[in-house]
Amino acid sequence: MVFAAPNDALARAEGLLDADPSPLHASVAHQVIGIWQRDWGDMRIALHHLRRARDLAARADSADREADVLAALGVALVHAGRTQQGLAALERGIERGSGHTRARVLFRRAYARWVLGHHREALEDVRRAIPVLRQVDDVIWTARALTLRATVHLALGAVDRADADFTAAEALWDTTGQEHDKADAVESRGLAAFRSGDIPAALRLLDEAEERYAKLGTPTFMLNIRRCEVLMAAGLAPEALAEADAAIAVLDGIGGQSTRKAELLLAAARAARLAGDAHTAIARADMAVRLFAGQRRSWWETHARLVLIEARVTAGRSSGRLVADTAAVADRLASFGAPAAPEASLLAGRIALTLGWRADAERHLGVAARSRHNGPPLARMTGWAAQALRARAAGSGRGVLEACRRGLDVLDAHRMTLGASELRARATAQGAELAALAQQASLDSGSPRRLLVWSERWRATALSTPPTRPPADPELLSDLTAFREIAARAEEARSDARPVPALEREQRRLEREIRSRTLRLRGDTPGDGHRFDPARLLQRLGDDTRLIELAVLDGRVQVLLCGQGRVRRFEAGLLAEAETEAEHVQAGLRRLAHPGAEARLPVVEAAGRRLEELLLGPAAAHLGDGPVVVVPPARLHRVPWALLPSLRERVLSVSPSASGWLRARETEPPPGGRQVLVRGPGLATGGAEVPHLAGRYGGAVVLEHADARAAQVLEELDGAALAHIAAHGTFRADGPLFSSLRMADGPLIVHDFERLDRSPYRIILSCCDTARFASVGADELLGLVTALLPLGTAGVVACTAPVNDAAVVPLMLALHKGLSEGLSLAEALRDARAALPGDALHRATGWAFSAFGAA
């Protein structure tokens, strides 16, 4: 009963002890309390009750009862870090038990051996236990044994065998009332989905398991560990670190299992390293190594040592000792049959290369490269990365490019299984090394066109296909509506200076639920298999238009100037200096958004000149007289490009990638030419341009006041030719897909826009913070504008800096005047800037807006 209804079992056991039971029955009651405390409470209390149960079983003179208690005690001792005592208790249990009981003890020893990382021995114990359990028709324990065997198979990389056992166990669980065991089975299936590369299914199953555990009221430390693994694979390392640290705090608070704490520390170390926090990673990994060593868990200790070495390398350490240590770890992992062995060999090869030890590097990389043809996607990626490094060490540029192509193809296929745009974007981080190796090989080859191809290969890929839309998910729609209502109430309370903690807590809960539902979506588009074609780009550009793609190699900006049938390369400044200058410009524009700051204008213009030197370098002198398209890396998304002197008077547009510009250029406008004008609440000017625009566009749909509600706005935006939205914009750096536009009934967030069948062909966002993005993955952007581009929008005008609301109105009226005369967004924006007064306030307002895309 303790695994069917844990809290009820605990209460009944305590009630039984109050009734002065016989030693036999008291032994059972103490064992139940001990199991409950072992798995969900204080280990010291657990050991006290299990030892009492053992002594009572001996008094009752029941060998099988004593064997059963010894098995539970042995597992508890192992979890407490007392490995030798635990294994001795399990051995004694096997000696005391017979037949059916002995098979159950064997299962418990198999479990303990799995905890310790003794996988082959665990399989042998399960192999001996299952036939006996089946023979006596013990459905529950047979299902447990099959679930454990599947889990051990997963640890050894045998996904197909694990899947077969999970399927067989699930059929048995369906015939029982063992709710905790059922939840554990769902959790294990989530792990299996993850090991096979299906991250959305893994997240869905782990969420389902968590809901089941919540109904039983039991902690979920193993689930926390597994979710950390999945979150890291999905590119969400900071979240994995937060989850691991929170679980450690809970575990410490209840005096829980030492084994689980070590595993959580290992998960935290991995997450910290992936999040770029090498010092935290070193501290957590070092603690994990010490705990695993004390628990005599060599398999786990070796994995922790690998993470510790990786963190030290990330912190900049490199030595011959590290090569030897990493090679020893790789050998140990290989001897265990651990799937992480190629990762360790790759690391040893990398360190050897930095030291110039070519022979050692080739040996280790050769071992790692064997994994490139088999296993889950990330293991194959490891193999292709090793193969690329081998080719580079051998001086084969062609070999580097081929290995990088094959590795990124693997990751491409993996990304397309992900339905959420956030996961697709973050997953690209796993291909960053391959993309950088290919770019460097292209630069070394002296071919600007090849460098362009490889710069495009892994840039803004999340925008290449729209995110998967949930099939009429009523719960998601309900959560979005509730979120909007709560956010509106919180905003109203803040404006009245009323406390909002309860509302904010509920808003955060709904955000977690919405995000969780979207992350579970599985990709439903196989990808178009399109490969970027420079010739097609050059043909579209023609003789007049220039496209500037900025690539960053070894921290320096490389300018690829495309136009007039050729691609030329120029070297510009350091990316870090450009980022610093861009922040200075942002600060200057914020100041200029307020009257009385004219003295700052020369400072901002000087910063614009410095930015041009750093970002365009000598290429600025070769731009010709025609339109210019700028394709910056994600880290430069906040540059107000119209401020740069050579771009200031031009028809200028910005695109996340050259491929994206081509798609936008070739997107056809929808039939009908419907215009939609939206005016949200709380604007300083009241959205003063909207009534004027309603007069300009006869028959336009106008949504304002109470009509500017999210559902109505989305309905009208779907498939429109032109949309103008005057509404407060809020960028959420902590959750970019919750960036919003304020409507009458609350925020309209990015997740709402992703439900459109087709977003407007052209859309103008006339307020602050609408063109701010979060830079994630290898070179990806998440934000409001990037949500619109894959959904049919060919052109967007939005703001990259805070602006003065009153100064925006004449800019918008001039912009629409140009559009009504047949100009593109970029042409109309250029003319609108020129039409503004020449004072600092209006000039800064014009610089703050950018045209994205090609419409």
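Here is what the cut-offs are and how they apply
- Residues numbered from 1 in each chain as written.
- Predicted model: local features only at pLDDT ≥ 70, side-chain atom pairs only at ≥ 80, totals over all residues.
- Heavy atoms only, no water.
- Helix = DSSP H or I, 4+ residues; strand = E, 2+ residues; numbered from the N terminus.
- Expected span 1.5 Å × (residues − 1).
- Buried < 20%, exposed > 50% of the residue type's maximum accessible area, 1.4 Å probe, protein only.
- Contact = heavy atoms within 4.5 Å.
- Polar contact = N/O pair within 3.5 Å; in protein donor to acceptor, adjacent residues only side chain to side chain.
- Core = buried A, V, L, I, M, F, W, Y, C linked by side-chain atoms within 4.5 Å.
- Arc of directions from axis to C-beta.
- Pairing = 2+ DSSP bridges.
- Axes fitted to C-alpha atoms, helices over the stretch in contact; angles between N-to-C directions.

### Overview of helix α11 (residues 199–216)
Stage number 1. The terminal C-alpha atoms of α11, which comprises 18 residues, lie 26 Å apart, in line with the 26 Å expected from a rise of 1.5 Å per residue.
Stage number 2. Inspection of α11 places I199, P200, A201, A202, L203, L205, L206, D207, A209, Y213 and L216 among the buried residues, and these make up the whole buried set.
Stage number 3. Those residues of α11 that are buried are in contact with α1 (6–17), α10 (179–195), α12 (221–233), α21 (397–415), α22 (421–427) and α26 (501–519).
Stage number 4. Regarding α11, its N-cap is D198, as a side-chain oxygen of that residue lies 3.2 Å from the backbone nitrogen of A201 further along.
Stage number 5. At the C-terminal side of α11, G217 shows a positive phi close to 75°.

### What about the nonpolar core?
Stage number 1. By size, the foremost hydrophobic cluster in this structure holds 132 residues, and its most contacted members are I199, L333, C404 and L423.
Stage number 2. Judged by nonpolar contacts, the second largest core, of 108 residues, contains A582, L647, V690 and A774.

### Looking at helix α13 (residues 237–254)
Stage number 1. Taking 1.5 Å of rise per residue, 18 residues should cover 26 Å, and α13 covers 26 Å from first to last C-alpha, within 8% of that figure.
Stage number 2. Buried within α13 are the following residues: A237, A240, L241, E243, A244, A247, I248 and L251. One face of α13 carries all of its buried residues, which in axial projection span an arc of 165°. For α13, exposure combined with an orientation more than 90 degrees from the buried face picks out P238, A249 and G253.
Stage number 3. Here the buried face of α13 lies against α12 and α14 (258–274).
Stage number 4. G255 lies just past α13 and shows a positive phi near 65°.

### Remarks on the side chain of T151
Stage number 1. Positionally, T151 belongs in helix α8 (residues 139–155).
Stage number 2. Its relative accessible area of 6% is what places T151 among the buried residues.
Stage number 3. Each residue touching T151, except ones within four places of it in the same chain, is listed here: W114, F166, S188 and R226.

### Notes on the sheet that holds strand β11 (residues 746–749)
Backbone hydrogen bonds are what pair the strands of a sheet, in a parallel or an antiparallel way.
Stage number 1. One open sheet holds the three strands; their spatial order is β9-β10-β11, and the pairing between them is antiparallel. Strand pairing shows two members of the sheet lacking a second neighbour, β9 (729–730) and β11, which therefore form its edges.
Stage number 2. Note that strand β10 (residues 740–743) and β11 share four bridges and pair antiparallel. Paired with M743 across the bridge in β11 is G746.
Stage number 3. Contacting β10 and β11, helix α25 (residues 474–495) crosses the sheet at an angle of about 135° to β11.

### Side note on the pairing of strand β2 (residues 556–563)
Stage number 1. When you tally the buried positions in β2, you get seven out of eight residues, the bulk of the element.
Stage number 2. By the bridge criterion, seven bridges tie strand β1 (residues 546–553) to β2 in an arrangement that is antiparallel. From the neighbouring strand, L550 faces β2, where its bridge partner is V559.
Stage number 3. Across seven bridges, the pairing between β2 and strand β3 (residues 566–574) is antiparallel. Bridged to L560 within β3 is R569.
Stage number 4. Where β2 folds back on β3, the antiparallel hairpin that results is connected by two residues, among which Q564 adopts a positive phi of roughly 55°.

### What about the environment of R679?
Stage number 1. One can find R679 in strand β6 (residues 675–679).
Stage number 2. Its relative accessible area of 16% is what places R679 among the buried residues.
Stage number 3. Put simply, R679 and L434 are 245 residues apart on the chain and 46 Å apart in space, counted from C-alpha to C-alpha.
Stage number 4. Ignoring anything within four residues of it in the chain, the contact list for R679 reads G686, G687, V690, P691, L703, E704, H705, A708 and A726.
Stage number 5. Here the side chain of R679 touches G686 through a polar contact of 2.8 Å, landing on its backbone oxygen.

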